[in-house]
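Listed below are the residues making up each chain.
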Amino acid sequence: MRLLVLLLSLAASTAAAIETKVIKDVPYKDDVISLTPYEQERCKLDLTVPVDAKGFATYVWFYGGGLKNGAKDLRTEYCAEIRASLAHAGVAVVTPDYRLSPKAKYPAYVDDAAAAFAWTVKHIAEHGGDPRKVFIGGHSAGATLALLVGMDPERLKPHGLTLGSVAGIAQVSAQVLTHYTIREERGQPRYAITCDEAAPAFHIRKALPPILTIYAQNDMLSRAEENMFFVTTLKAAGHAETYSLRVDDRDHASVGHSIRHLDDPARLAILNFIAKQSASR
């Protein structure tokens with residue numbers, strides 16, 4: 001498996017931090033009148049941007065939680081710390097909330113993820129960012145959402161965007177087959193193997209945005225194997241810009257949550273990926 005070459009050194013990661021500012025609870029769906037109360041409650045995002053910077057890249061990050069749990073302000077998700085860590089390196093970070101199962105069912109949370117990404121592309125220039133350099137990613141179930149938005153053109157079409165609007169996908173430990181929560185919503189067993197339009201792997205083809213896949217040495221059962229399968233299948237399909245990194249001494253939770261640490265390998269890989277792909281936009 002080809003590993004991403006980490007061009008960012010530890011010395012660079014400990015350089016003086018860039019000043020940042022936080023903008024909280026921004027609604028990312030415009031037509032408030034048509035929204036349900038649950039959408040009005042959940043469809044908001046937080047944004048951390050470098051101060052007085054112009055033309056920076058932005059990373060839309062979705063937290064995990066099995067599509068059933070999670071919040072951008074929840075301490076155990078470390079969203080604020082991840083935003084701050086990457087923004088101090090010059091990359092703006094958006095962390096959206098989204099509707100959760102069972103109160104909402106597929107494809108509601110995928111639609112929310114697409115809307116949050118579209119809001120970022122359409123509004124990041126107002127905060128100094130470059131709309132051509134908007135990346136998408138996340139951890140666990142959040143990574144699954146990122147892949148579905150970044151690989152299936154039908155998700156972005158209602159927002160007037162295409163897969164060309166996605167500068168790249170940097171995902172951490174996604175479920176690339178149909179997510180077990182979606183299976184449960186359909187009355188299927190949790191471990192019934194399903195790969196349909198709700199699965200990122202279903203959308204593998206040659207013409208996709210660049211993709212970085214990160215997973216843990218001690219990831220949850222079958223998750224590392226799913227991510228290895230995902231990477232090798234992308235390569236088999238002829239997808240040229242496929243990168244991967246296995247992080248040693250991490251489990252399913254810590255491989256995502258440790259991104260907040262300056263010397264974390266996954267953090268450095270994401271920053272390098274964003275820098276490399278931004279240079280070609």
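Residues numbered from 1 in each chain as written. Predicted model: local features only at pLDDT ≥ 70, side-chain atom pairs only at ≥ 80, totals over all residues. Heavy atoms only, no water.

Chemist: Give a description of unusual backbone geometry that names residues and reports values.
Modeler: Residue P102 is bonded to the preceding S101 through a cis peptide linkage, with omega at 10 degrees. Mapped onto the fold, P102 is located in the loop between β4 (92-96) and α4 (108-123). Following Y106, the chain continues to P107 via a peptide bond in cis, the omega torsion being 10 degrees. Position of P107 among the secondary structure elements: in the loop between β4 and α4. (Helix = DSSP H or I, 4+ residues; strand = E, 2+ residues; numbered from the N terminus.)

Chemist: Can you explain the packing of α4 against helix α5 (residues 141-151)? Please cite residues and give values.
Modeler: Running from amino to carboxyl end, α4 crosses α5 at an angle of 70 degrees, the nearest separation of the two axes being 9 Å. What the angle tells us is that α4 and α5 run roughly perpendicular. Two packed elements cross with a definite hand, and for α4 against α5 that hand is right-handed. Between α4, through Y109, V110, A113, A114 and F117, and α5, the contact on the second element is made entirely by L145, L148 and V149. (Axes fitted to C-alpha atoms, helices over the stretch in contact; angles between N-to-C directions. Parallel < 35°, antiparallel > 145°, perpendicular 65-115°, else oblique. Left-handed = near helix turned anticlockwise from the far one by under 90°. Contact = heavy atoms within 4.5 Å.)

Chemist: Can you break down the nonpolar core residue by residue, with the values?
Modeler: Core analysis: the biggest nonpolar cluster contains 57 residues, and Y98, F117 and I136 have the highest contact counts within it. Listing elements by their share of this core, those giving two or more residues are β2 (44-50), β3 (56-62), β4, α4, β5 (129-139), α5 and α8 (223-236). No other element matches the 11 residues that α4 contributes to this core. In this view, I136 contacts Y59, V60, F62, F117, A146, V149, V166, G168, I169 and A170; residues no more than four positions away in its chain are not counted. Grouped together as the second largest cluster of nonpolar side chains are 26 residues, L86, A216, Y243 and F273 included. (Core = buried A, V, L, I, M, F, W, Y, C linked by side-chain atoms within 4.5 Å. Buried < 20%, exposed > 50% of the residue type's maximum accessible area, 1.4 Å probe, protein only.)

Chemist: Tell me about the sheet that holds β3, and please be specific about residues and values.
Modeler: Strand pairing within a sheet occurs via backbone hydrogen bonds; the two strands may be parallel or antiparallel. As summarised here, the arrangement of the eight strands in space is β1-β2-β4-β3-β5-β6-β7-β8, forming an open sheet in which the pairing is mixed. In the strand order of this sheet, the two ends are held by β1 (20-27) and β8 (242-251), each with one partner. In this sheet, adjacent strand axes meet at a mean angle of 20 degrees when their direction is disregarded. Where β1 meets β2, six bridges bridge the pair, whose relative direction is antiparallel. Among the inter-strand pairings, K21 is bridged to a residue of β2, identified as V49. (Pairing = 2+ DSSP bridges.)

Chemist: Go over helix α3 (residues 79-87), please, and point to the residues and values.
Modeler: Listing the buried residues of α3 in full gives C79, I82, R83, S85, L86 and A87. As for α3, its buried residues are in contact with β1, β2, β3, β4, α9 (252-257) and α10 (265-279).

Chemist: Pulling in residues and values, what's your account of the packing of aromatic side chains?
Modeler: Summed over the entire model, instances satisfying the criterion amount to five aromatic pairs. For the pair F62 and Y98, a centre-to-centre distance of 6.3 Å together with 65 degrees between the ring planes defines the contact as edge-to-face. Separated by 36 residues along the polypeptide, F62 in strand β3 and Y98 in the loop between β4 and α4 bring together distant segments of the chain. Per residue, the accessibility class of F62 equals that of Y98, and both read buried. Aromatic pair Y63 and Y98: ring centres 5.0 Å apart, planes at 20 degrees, arrangement stacked. Here Y63 is found in the loop between β3 and α3, whereas its partner Y98 is found in the loop between β4 and α4, with 35 residues between them in sequence. Side by side, Y63 and Y98 carry an identical accessibility label, which is buried. Taken together, F62, Y63 and Y98 form an aromatic cluster joined through their ring pairs. Above the plane of the ring of Y38 lies K103, whose end atom (NZ or CZ) is 4.4 Å from the centre. (Phe/Tyr/Trp six-rings, centres within 6.5 Å; stacked < 30°, edge-to-face > 60°. Lys NZ or Arg CZ within 6 Å of the ring centre and 35° of its normal.)

Chemist: Can you break down the environment of T213 residue by residue, with the values?
Modeler: Turning to its location among the elements, T213 is positioned in strand β7 (residues 211-218). Note on T213: relative accessible area 0%, which makes it buried. Excluding anything up to four places from it in sequence, T213 contacts Q171, N227, F230, V231, Y243, S244 and L245. Side-chain polar atoms of T213 contact the side chain of Q171, separated by 3.2 Å. (Polar contact = N/O pair within 3.5 Å; in protein donor to acceptor, adjacent residues only side chain to side chain.)

Chemist: Quick one: what's the story with the side chain of D130, residue by residue and with numbers?
Modeler: In this fold, D130 is placed in strand β5. Judged by relative accessible area, D130 falls into the buried class, the value being 8%. Setting aside its immediate chain neighbours within four residues, D130 contacts G55, F56 and I124.

Chemist: Before we move on, can you summarise the environment of I211 with the specific residues and values?
Modeler: Tracing the backbone through its elements, the reader meets I211 in strand β7. Distance in space between the C-alpha atoms of I211 and Q171 is 7.7 Å, their sequence separation being 40 residues. Sequence-distant contacts of I211, defined by excluding residues within four places in its chain, comprise L147, M151, I169, F230, L234, H239, E241, T242, Y243 and F273.

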